[in-house]
Amino acid sequence: MIEFSPLRKDLQYPPVPASSQVSEKFKRIPNKHPHDKVDTVKNCMPMIEHITSGYIIRANHDINIRQSYRNGVMSFDQQEGLGIHPFNQLPIGEWDQRRNYLKFMNYWSIKTPPGYSCMFYQPQNFETRFVMFSAIVSTDTYEGNVNFPGYIVTEEPQFTIEAGTPLITVFPFKRENWRSTIHEYSAMSREKEILNADTLKKDPHHYRNNVHNKINYF
């Protein structure tokens with residue numbers, strides 16, 4: 001079980017399963033393209049599982065952002081729910097591309113069972129105004145709240161991140177050590193590849209119906 005505990009009294013948008021926050025843009029995609037009838041991404045089980053796995057933390061209130069250049073760096077005002085990481089902490093842009101990084105403040109503490117961590121990444125909701133950095137935190141032992149840094153990509157001087165907007169996906173997983181092995185090419189592996197391709201050609205939903213293992217998030 002993963003536990004979310006509020007750090008404020010006035011939180012209106014609790015964390016919810018990612019399956020409840022699939023974007024309207026994605027929902028409107030048809031199963032087949034209307035012109036050439038080709039299967040769309042709606043038939044791709046691996047992508048659907050990625051979109052619907054984990055939990056979503058959302059903006060608790062409207063966040064109004066006004067961008068402007070300050071001392072040669074594009075920046076914005078800090079406010080409730082929004083902090084700043086200075087450009088110099090990750091100085092990868094050219095002089096005319098320098099931007100301070102945003103940081104969404106998280107008002108939920110997250111606790112997982114012993115041996116479990118959480119990966120944090122941007123929800124696949126086709127957000128075009130900002131990009132979030134990904135991270136992994138040992139949420140079984142870390143006692144603080146995890147804030148979410150990223151950067152603005154829109155050139156709009158002013159925009160609003162509406163209350164309830166999905167900000168980050170929380171994906172719990174069990175920590176395990178791994179060892180890798182690189183095998184030599186074999187004819188048997190090639191035969192399996194051909195057989196699998198033939199199976200998928202005959203049954204495009206083979207993976208979904210016969211291979212995929214569903215995970216539920218409540």
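Residues numbered from 1 in each chain as written. Predicted model: local features only at pLDDT ≥ 70, side-chain atom pairs only at ≥ 80, totals over all residues. Heavy atoms only, no water.

**Student:** Can you help me understand the packing of aromatic side chains in this one?
**Tutor:** Two measures describe an aromatic ring pair: the distance that separates the ring centres and the angle between the ring planes. Scanning the model with the defined rule gives 7 aromatic pairs in all. Where F120 meets F148, the ring centres are 5.8 Å apart and the plane angle is 35°; that geometry is what we call tilted. Taken together, the residues span a long stretch of sequence, with F120 in strand β10 (residues 116-121) and F148 in strand β13 (residues 148-152) at a distance of 28 residues. Here F120 and F148 have matching classes, each one buried. (Phe/Tyr/Trp six-rings, centres within 6.5 Å; stacked < 30°, edge-to-face > 60°. Helix = DSSP H or I, 4+ residues; strand = E, 2+ residues; numbered from the N terminus. Buried < 20%, exposed > 50% of the residue type's maximum accessible area, 1.4 Å probe, protein only.)

**Student:** How do you make sense of the nonpolar core when you look at a structure like this?
**Tutor:** In globular proteins that are soluble, nonpolar side chains generally tend to be buried together. Among the nonpolar cores identified, the biggest contains 29 residues, and F104, F120 and V170 are the most heavily contacted of them. For this core, the element with the highest residue contribution is strand β15 (residues 166-174), accounting for 3 residues. The residues touching F120, leaving out its near neighbours within four places in the chain, are I110, F133, S134, A135, V137, T139, V146, F148, I168, T169 and V170. (Core = buried A, V, L, I, M, F, W, Y, C linked by side-chain atoms within 4.5 Å. Contact = heavy atoms within 4.5 Å.)

**Student:** Is there a simple way to think about the side chain of Q67 in this case?
**Tutor:** Relative to the helices and strands, Q67 is located in the loop between β4 (63-66) and β5 (68-70). Looking at Q67, its side chain comes within polar contact range of the main-chain oxygen of T154, at 3.2 Å. In this view, Q67 contacts M74, S75, R99, I152, T154, E155, E156, P157 and F159; residues no more than four positions away in its chain are not counted. (Polar contact = N/O pair within 3.5 Å; in protein donor to acceptor, adjacent residues only side chain to side chain.)

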